[in-house]
Amino acid sequence: MIYSTEVQHMCPVAKGAYHGPAPIPEEGKWVQAKEIRDISGFTHGVGWCAPQQGACKLTLNVKEGVIEEALVETLGCSGMTHSAAMASEILIGKTLLEALNTDLVCDAINTAMRELFLQIVYGRTQTAFSEGGLPVGASLEDLGKGLRSQVGTMFGTKAKGPRYLEMAEGYVTRIALNKDDEIIGYEFVNLGKMMDAIKKGTDANQALEGAKGHYGQFDGAAKYIDPRHE
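1. Re the nonpolar core
Part 1 of the argument: With 24 residues, the main nonpolar core has Cys 56, Leu 58, Leu 60, Val 72, Leu 91, Ile 109 and Met 113 as its most contacted residues.
Part 2 of the argument: Elements with a contribution of two residues or more to this core: strand S4 (55-63), strand S5 (66-75), helix H2 (78-91), helix H3 (96-100) and helix H4 (107-121).
Part 3 of the argument: If you tally residues by element for this core, the top one is H4, at seven residues.
Part 4 of the argument: Leave out the neighbours within four places in its chain, and Leu 60 touches Gly 41, Phe 42, Thr 43, Ile 67, Glu 69, Ala 70, Leu 91, Met 113 and Leu 116.
Part 5 of the argument: Counting seven residues, the second-largest nonpolar core is a separate cluster that includes Val 172, Ile 175, Tyr 186 and Phe 188.

So this is what it looks like as structure tokens:
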């Protein structure tokens, strides 16, 4: 280490007591984090790209500074799906610091990684006060049994009004309207449930019908419309 002439000619002054950094909550413990391996936690974060054409929700499960689990969910940009595939390989096994300084292919994913880093190193994780944290694999609970992201896609125009295209329950097939043409319910297909049935050998049409459900005052509506074609 090189010292300037001014520092070399200074007289030494004792520093006094050293109390270390303020402790942060991690998985039910208070930790004085001094190195990256002192960091543990499970949390979520959202990132976006410069043109804000797409967004990423990133979920990480960090144990002793190492990313043991990652869930990458992307929205709004076709290229991001391929970036997410690569990021799911890149992130696993890296330390938090490595991941922060690694190109995760898509800026939205990079930004999400930055936001998560800030949460985790400041002790603002979902598991800050949960003893032992969450097991590896916990992020899949966010997806539910169909292992699909919770997606809401709606479209509306002043001229023709709103169209429900996809809800958390599934792909919307019909919208129910009352006599005043107001939306009072919808029919949906749970795509995860339908594909599971098809994989088990069920006829596609039968699987489609079996995966259907409806919400609101769907039965007895005055009119039903296909949100994509009417």
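2. Overview of unusual backbone geometry
Part 1 of the argument: Backbone geometry at Glu 27 places phi at a positive 50°, although glycine is not the residue there.
Part 2 of the argument: Tracing the sequence through the fold places Glu 27 in the loop between strand S1 (24-26) and strand S2 (29-31).
Part 3 of the argument: A positive phi angle is found at Asp 181, which is not glycine, with a value near 65°.
Part 4 of the argument: Tracing the backbone through its elements, the reader meets Asp 181 in the loop between strand S8 (170-177) and strand S9 (183-189).
Part 5 of the argument: Judged by relative accessible area, which is 47%, Asp 181 ranks as partly exposed.

3. What to know about the pattern of salt bridges
When charged atoms on two side chains of opposite charge get close, those side chains can pair.
Part 1 of the argument: Using the criterion set out here, one finds eleven salt bridges in the structure.
Part 2 of the argument: We note a salt bridge from Lys 57 to Asp 142, for which the minimum N-O separation is 3.4 Å. Of this pair, Lys 57 sits in strand S4 while Asp 142 sits in the loop between H4 and strand S6 (153-157), placing them 85 residues apart in sequence.
Part 3 of the argument: On the basis of relative accessibility, which here comes to 27%, the residue Lys 57 falls in the partly exposed class.

4. Section: helix H5 (residues 191-199)
Part 1 of the argument: The backbone nitrogen of Gly 192 lies 3.2 Å from a side-chain oxygen of the residue at the head of H5, namely Asn 190.
Part 2 of the argument: Where H5 ends, the next residue or the one after it, Gly 201, has phi of about 105°, a positive value.

5. Here's the deal with the layout of surface pockets
Part 1 of the argument: By volume, the largest pocket is sized at about 450 Å³.
Part 2 of the argument: Considering the residues around the largest pocket, the lining is formed by 17 residues, among which Glu 73, Thr 74, Ser 149, Gln 150 and Val 151 are closest to the centre.
Part 3 of the argument: When contributions to the lining of the largest pocket are tallied by element, the ones reaching two or more residues are S4 and S5.
Part 4 of the argument: Sorting elements by how many residues they give to the lining of the largest pocket places S5 first, with four residues.

6. A look at a nonpolar patch on the surface
Part 1 of the argument: On the surface, Met 1, Tyr 3, Val 7 and Met 10 cluster together into a nonpolar patch covering about 510 Å² of accessible area.
Part 2 of the argument: Examined against the element boundaries, Met 10 turns out to sit in the loop between helix H1 (5-8) and S1.

7. A short note on the pairing of S5
Part 1 of the argument: The sheet contact formed by S4 and S5 spans nine bridges and is antiparallel. Looking at S5, one finds that Val 62 is bridged to Ile 67.
Part 2 of the argument: In textbook terms, the turn of a hairpin is the stretch between consecutive antiparallel strands, and for S4 and S5 this stretch comprises two residues, one of which, Glu 64, has a positive phi near 50°.

8. Considering the side chain of Glu 166
Part 1 of the argument: Relative to the assigned elements, Glu 166 resides in strand S7 (residues 161-167).
Part 2 of the argument: Within polar-contact distance, the side chain of Glu 166 engages the side chain of Arg 148 at 3.2 Å.
Part 3 of the argument: Look past the residues within four positions of Glu 166 in its chain and what remains in contact with it is Arg 148, Val 151, Gly 152, Thr 153, Met 154, Tyr 171 and Val 172.

9. What about the packing of aromatic side chains?
Part 1 of the argument: The full count for this structure, using the stated rule, is five aromatic pairs.
Part 2 of the argument: Aromatic pair Trp 30 and Phe 129: ring centres 6.0 Å apart, planes at 65°, arrangement edge-to-face. Of this pair, Trp 30 sits in strand S2 while Phe 129 sits in the loop between H4 and S6; the two residues are 99 residues apart in sequence, bridging distant segments of the chain. Considered together, Trp 30 and Phe 129 belong to a single accessibility category, that of exposed residues.
Part 3 of the argument: Geometrically, the ring pair formed by Tyr 186 and Phe 188 is tilted, given 6.4 Å between the ring centres and 55° between the ring planes.
Part 4 of the argument: Since its relative accessible area comes to 6%, Tyr 186 is described here as buried.
Part 5 of the argument: The class of Phe 188 is buried, set by a relative accessible area of 13%.

Conventions adopted
Residues numbered from 1 in each chain as written. Predicted model: local features only at pLDDT ≥ 70, side-chain atom pairs only at ≥ 80, totals over all residues. Heavy atoms only, no water. Core = buried A, V, L, I, M, F, W, Y, C linked by side-chain atoms within 4.5 Å. Buried < 20%, exposed > 50% of the residue type's maximum accessible area, 1.4 Å probe, protein only. Helix = DSSP H or I, 4+ residues; strand = E, 2+ residues; numbered from the N terminus. Contact = heavy atoms within 4.5 Å. Salt bridge = Lys/Arg side-chain N within 4 Å of Asp/Glu carboxyl O. Polar contact = N/O pair within 3.5 Å; in protein donor to acceptor, adjacent residues only side chain to side chain. 1 Å grid on protein atoms, 1.4 Å probe; cavity = no way out; pocket = protein on both sides within 12 Å on 5 of 7 lines; lining within 4 Å. Points joined across faces, edges and corners; volume = space filled by probe spheres on them. Patch = residues over 30% accessible without salt bridge, like charges linked within 9 Å, V, L, I, M, F, W, Y side chains within 5 Å. Areas by Shrake-Rupley, 256 points an atom, 1.4 Å probe, with all protein chains shown as cover. Pairing = 2+ DSSP bridges. Phe/Tyr/Trp six-rings, centres within 6.5 Å; stacked < 30°, edge-to-face > 60°.

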